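For reference, the chains in residue letters:
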Amino acid sequence: MEPADFAVRIEEVMTEECSSYECVLVDDDEIGRLWTFVIEDTFSGYLSVDDNEESLKVRTVTVGINLKDITGASREELLELFARNAGLVSANFSVMKFPVAADAEEEPLIIDEGEDVDFAGDEAEPELHDMLIIQTRLPFEAFAPEDFGGYIQNLLFQADLQLTQADDDEEGGLTDFDEDDELDDDFDD
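Residues numbered from 1 in each chain as written. Predicted model: local features only at pLDDT ≥ 70, side-chain atom pairs only at ≥ 80, totals over all residues. Heavy atoms only, no water.

Novice: What am I meant to see in the side chain of histidine 129 here?
Specialist: Among the secondary structure elements, histidine 129 is positioned in strand β6 (residues 127-139). Within polar-contact distance, the side chain of histidine 129 engages the side chain of aspartate 69 at 2.5 Å. Here the side chain of histidine 129 touches threonine 71 through a polar contact of 3.4 Å, side chain to side chain. With sequence-adjacent residues up to four places away left out, histidine 129 is seen in contact with Asp69, Thr71, Met96, Lys97, Phe98 and Val100. (Helix = DSSP H or I, 4+ residues; strand = E, 2+ residues; numbered from the N terminus. Polar contact = N/O pair within 3.5 Å; in protein donor to acceptor, adjacent residues only side chain to side chain. Contact = heavy atoms within 4.5 Å.)

Novice: Can you walk me through the pattern of salt bridges in this structure?
Specialist: For side chains bearing opposite charge, pairing can occur when the charged atoms are close. One pass over the full model with this rule turns up 7 salt bridges. One salt bridge connects aspartate 27 with arginine 33, and the closest N-O pair in it is separated by 3.8 Å. Its salt-bridge partner being aspartate 130, residue lysine 97 comes within 2.7 Å of it at the nearest N-O pair. Of the two residues, lysine 97 is situated in strand β5 (residues 92-100) and aspartate 130 in strand β6; the sequence distance between them amounts to 33 residues. Counted as one network, the salt bridges with shared partners bring together Asp27, Arg33, Asp51 and Arg59. (Salt bridge = Lys/Arg side-chain N within 4 Å of Asp/Glu carboxyl O.)

Novice: Help me understand the environment of tyrosine 46 in this model?
Specialist: Relative to the assigned elements, tyrosine 46 resides in strand β3 (residues 43-50). Residue class for tyrosine 46 comes out buried when judged on its relative accessible area of 11%. The sequence separation of tyrosine 46 and cysteine 23 amounts to 23 residues, and the corresponding C-alpha distance is 9.6 Å. Residues in contact with tyrosine 46, not counting those within four places in the same chain, are Leu34, Trp35, Thr36, Phe37, Thr62, Val63, Gly64, Met96, Ile133 and Gln135. A distance of 2.4 Å separates a polar atom in the side chain of tyrosine 46 from a polar atom in the side chain of glutamine 135. (Buried < 20%, exposed > 50% of the residue type's maximum accessible area, 1.4 Å probe, protein only.)

Novice: Could you clarify how one ought to interpret the pairing of β3 in this entry?
Specialist: For a regular strand, side chains alternate in direction, first toward one face of the sheet and then toward the other. Summarising burial for β3: 6 of the 8 residues are buried, a large majority. Pairing between strand β2 (residues 32-39) and β3: 6 bridges, direction antiparallel. Looking at the pairing, valine 38 lines up with serine 44 of β3. Connecting β2 to the next strand, β3, in antiparallel fashion are 3 residues, including glutamate 40 with a positive phi near 50°. Summarising the sheet, β3 and strand β4 (residues 60-69) pair through 6 bridges and their orientation is antiparallel. The residue of β4 that forms the bridge with tyrosine 46 is glycine 64. (Pairing = 2+ DSSP bridges.)

Novice: Whenever I open this one, the packing of aromatic side chains confuses me. Can you help?
Specialist: For the structure on display, the rule yields 4 aromatic pairs. Taken together, a centroid distance of 5.2 Å and an interplanar angle of 85° make the contact between phenylalanine 37 and phenylalanine 148 edge-to-face. Of this pair, phenylalanine 37 sits in strand β2 while phenylalanine 148 is found in helix α3 (residues 148-169), placing the two residues 111 residues apart along the sequence. Through pairs of rings, three or more aromatic residues link up here, namely Phe6, Phe140, Phe143 and Tyr151. Above the ring of phenylalanine 140, the side-chain terminus of arginine 59 is found at 5.1 Å from the ring centroid. (Phe/Tyr/Trp six-rings, centres within 6.5 Å; stacked < 30°, edge-to-face > 60°. Lys NZ or Arg CZ within 6 Å of the ring centre and 35° of its normal.)

Novice: How do you make sense of the side chain of aspartate 130 when you look at a structure like this?
Specialist: Within the structure, the side chain of aspartate 130 is placed 2.7 Å from the side chain of lysine 97, a separation counted as a polar contact. The residues touching aspartate 130, leaving out its near neighbours within four places in the chain, are Lys68, Asp69, Ile70, Thr71, Val95, Met96 and Lys97.

Novice: I'm lost on the sheet that holds β2 in this one. Help?
Specialist: Strands belonging to one sheet form pairs held by backbone hydrogen bonds; the direction of such a pair is parallel or antiparallel. With antiparallel pairing, the 6 strands of this open sheet are ordered in space as β1-β2-β3-β4-β6-β5. Both edges of this open sheet fall to β1 (20-26) and β5, since each of them pairs with a single strand only. Taking the axes of each pair of neighbouring strands and ignoring which way they run, one obtains an average angle of 25° across the sheet. Where helix α1 (residues 3-17) meets the sheet, it contacts β1, β2, β3 and β4, and its direction lies at approximately 5° from that of β2. Packing against the sheet, helix α2 (residues 75-83) makes contact with β5 and β6, and its axis sits at approximately 130° to β5. (Axes fitted to C-alpha atoms, helices over the stretch in contact; angles between N-to-C directions.)

Structure, rendered in structure tokens:
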């Protein structure tokens, strides 16, 4: 499938599967490369297409789901969490830096790849938090846009399985998810 056809098809699928989505990065030919999405107004995530010309030399698709802000996690909690990567199948936990708005009503800062950011006047640089994500990465040719929902369900199942095990091992802590931890507002329009 050509990248332009893929972009059109994945947006059709996201229209059906997601509460909302947005293409936040396009290439020089105006073909979508990175989308953020919200599912059932509960889970937010992203889908990206990468050429990997300098590393793998194989075009890939990455699907990721934002799980929890882990900025305040202890070293021991992080080591326990990342030890659980061994229990994941074709997926991994990872941490991304995520800009946080100064007040709750301010939109999060989204920076396009290669874009220089100039913080004008008295504005300080945005505070960056550590966001725990679960993601899977596949060869572009092996990813069918129609399977998007299946990949999301698989990631959610694995995250729930691994993080619930952590909750059973320890009461509360890093992997204690509750209603207040929803990230649905992070990518809303």
